[in-house]
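Commentary on secondary and tertiary structure
Here are the chains, one letter per residue:
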Amino acid sequence: MSIYALKSGMTVEGALRSDHDYQETTEHSSSIPGLRVFIKPATQDAPWWKDYLSLDAKLLQGSNSAAAFVPSGKRLMVLTFGSGQFLLRDEAYEHDFGTRVVLNAVDPRKLKSTETLDPDSSQRRRTQIPYDGDLALLSFAGDASVLKSLTGKARPKYNDLVRSVTGSSSLRITTPAQPEDVAKLLSRLHKLYKSDAYLKTFPGVAKIRPVTDPQTISALDMKLAEAIFDVTAPVVLTVPDILDYRDETFVQFAGQGRSDVHDDVYVKHYREYLESHQVDKDSLTVDGLKHDYLVLLDGDMKQRQRWSIYRSLVFEVSDNEDYTYHFSDGSWFKVAADLLVSLREYIDPFFIDANLPEHKWSSEGAYNEKVSGLTKSVCLDKTNVSPKGQSAIEPCDILRVTGDVPEFIHVKIGTSSANLSHLFNQAANSAELLRTTPEAREKLHKLVEKKSDTSTAAKVSAAVKEDRFSIAIAIVSHKRTPEKKSDNLPIFSRISLRRALRALEAMRVDVGVQMVPDATDRSGKKKPQKSRTPKGT
């Protein structure tokens, strides 16, 4: 069965969905005190494959559902069976109940599976092992991933309570407890929920937590909407996907009517768009952010993609010195303050003063080409050194060969999480490939020889073969606060950057990170009259 913990003060009637089709039944002789049961009898239907196979046999199937409300101290608990959880309003129950109980009850050496989320890439993973193991065997990194669900065997001292446990919003258990023992079972589970003992056993799981409680999300969403018209708020509008800046792209806002076309994405432009349609800080709502769109246009002013403004915002707000709330890609996360400190302490020493020219050209590709010429470097943008049959990997964007140690420079415009994660991974992956794969080094030699000369190619090849090269990560940004170093980046980009830096350190590759000033004019570009409406809207 699955168990939900209703919020303190929540009544049975307050927990029910307004559109439910369950019926309360009093036809029972249960020994569970204070029990109230709602049931939904199954509709008996033939399985789809009966007609598919043209079977004449009488075959019916269906699944009954129930939700049993049981008082436990000052709180109500709900035991659900079948699809009984759909009777409950999302706002009615504690969304971390199952996870916390499992973390406190499970034997840390007898875990079976995890479901995790990597916030920087939005990748979701389920990892299972055929034997008992710990979080390390399940490849969970608490300072980089969010634990969504955990399954394992209970500690021996809880064997009379539960045998195996799975926790997320609800708690799913196998238990030897009989109906007359349910009150005691729920009381002990509630004590496990309130305990912080798991922080000693699993200190990493509390670093990043998804915010799933609808009331908390609603309050945070209001702060997000208020931030749009607060010029001092740390809110950023960005493309929530990997964007190739080498292609000519423009952006436009939609939802309140067509906006002017802009060269880049800024919350200032969206604010001006709202004001032009008589929307101000008092009338802007979260629903408005979800209704309005950021539209990506190509060089012909045709729509390539669009996202809601809500999903395109990045925002951080702190109401407590122990944690910060971070909003990214349409989701809220609760991030422990000590994680932010540890990220800053590790990453900031890698930051150096910018030694590349400021960006003043039309695209990332143009920047790489022009800067390569200005610095007498080799432009390797859009090239590939991967062995045949493998995914393409650029060695770098700009190869600077001024001394005995070639510098592989990786460039990315903007500070969106998706773009930066791609940049950091490329820097680490290309370094590993060049260090370990002779075919990659051979392809690099041919590329440099073609784009430069034989002497330079030989010099670079010799240095790479002897692991004498360095990496530069160049982030081109309009932000004029280089002194903030890693704090210029979204929280999950910092996590991704630390992972890449650790990988490069493990390879003993010198690496530096720099914020390159973006001097391009992104003030807003009027749409050409020949294309009044982007296609696809």
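Placed above this text is the structure.
About the cut-offs
Along each chain, numbering runs from 1 in the same order as the chain's sequence is written. In keeping with the predicted nature of the model, local features appear solely for residues at pLDDT of at least 70, side-chain atom pairs appear and are counted solely at 80 or more, and the whole-chain, interface and lining totals rest on all residues. Hydrogen atoms and water are omitted, and side-chain values are computed over all heavy atoms in the structure. Each residue is placed in one exposure class: buried if its accessible area under a 1.4 Å probe, protein chains only, is under 20% of its type's maximum, exposed if it is over 50%, and partly exposed if it falls in between. Working definition: helices are DSSP H or I runs of at least four residues, strands are E runs of at least two. Numbering for both runs from the N terminus. Only strands that DSSP links by at least two bridges are regarded as paired with each other. Definition used for salt bridges: Asp or Glu carboxyl oxygen within 4 Å of a side-chain nitrogen of Lys or Arg. Every residue pair with non-hydrogen atoms within 4.5 Å of one another is taken to be in contact. The pairing test for Phe, Tyr and Trp rings, Trp by its six-membered ring, is centres within 6.5 Å, and the orientation test on the planes gives stacked under 30 degrees, edge-to-face over 60, and tilted for anything in between. Charge-over-ring contacts are defined here by two conditions on Lys NZ or Arg CZ: a distance within 6 Å of the ring centre and an angle within 35 degrees of the ring normal. Helix axes are fitted only over the stretch in contact, all axes being lines through C-alpha atoms; the angle between N-to-C directions runs from 0 to 180 degrees.

Moving on to the pairing of strand 8 (residues 146-154). The two faces of a sheet get side chains in turn, since along a regular strand they alternate between them. Most of strand 8 sits out of view: seven of its nine residues are buried. Pairing geometry for strand 6 (residues 106-118) and strand 8, over seven bridges, is antiparallel. What sits directly across from T114, in strand 8, is L150. By the bridge criterion, four bridges tie strand 8 to strand 9 (residues 164-167) in an arrangement that is antiparallel. Bridge pairing in strand 9 places K153 opposite S164.

This next bit is on the pattern of salt bridges. A complete count under the given rule lists 24 salt bridges for this structure. A salt bridge links R188 to D160; the shortest N-O distance between them is 2.9 Å. Of this pair, R188 sits in helix 4 (residues 182-194) while D160 sits in the loop between strand 8 and strand 9, and the two are 28 residues apart along the sequence. Using a relative accessible area of 49% as the deciding quantity, one classes D160 as partly exposed. A salt bridge links E407 to R400; the shortest N-O distance between them is 2.8 Å. Judged by relative accessible area, which is 12%, R400 ranks as buried. Linked through salt bridges whose partners overlap, the residues forming this network are E316, R344, D487 and R494.

What follows deals with helix 11 (residues 364-374). Every buried residue belonging to helix 11 is among E364, G365, A366, Y367, N368, V371 and S372, and all of these are buried. Of the surrounding elements, those touching the buried residues of helix 11 are strand 19 (378-379), strand 20 (398-400), strand 21 (407-413) and strand 23 (510-517). Looking one or two residues past helix 11, K376 carries a phi angle of roughly 55 degrees, positive in sign.

What follows concerns the packing of aromatic side chains. All told, the structure shown has 15 aromatic pairs when counted by the stated rule. Taking the centre distance of 5.5 Å and the plane angle of 55 degrees together, the rings of F253 and Y270 count as tilted. In this pair, F253 sits in strand 13 (residues 249-254) while Y270 sits in helix 7 (residues 267-276), placing the two residues 17 residues apart along the sequence. Taking relative accessible area as the criterion, F253 reaches 2% and is therefore assigned buried. Following the ring pairs from residue to residue traces out a cluster consisting of Y310, F315, F327 and W332. Over the ring of Y293 we find R306; its NZ or CZ atom is 3.9 Å from the centre of that ring. When the ring centre of Y346 is taken as reference, the NZ or CZ atom of R502 above it lies at 5.5 Å.

What follows is about the sheet that holds strand 11 (residues 208-210). If you walk across this open sheet you meet the five strands as 11-18-17-16-12, and the pairing is antiparallel. Either end of the sheet is taken by a strand with one partner, and the two such strands are strand 11 and strand 12 (235-237). Ignoring strand direction, the axes of neighbouring strands in this sheet form an average angle of 20 degrees. The sheet contacts of helix 6 (residues 214-227) involve strand 12, strand 16 (313-320), strand 17 (323-328) and strand 18 (331-336), and relative to strand 16 the element is tilted by about 115 degrees.

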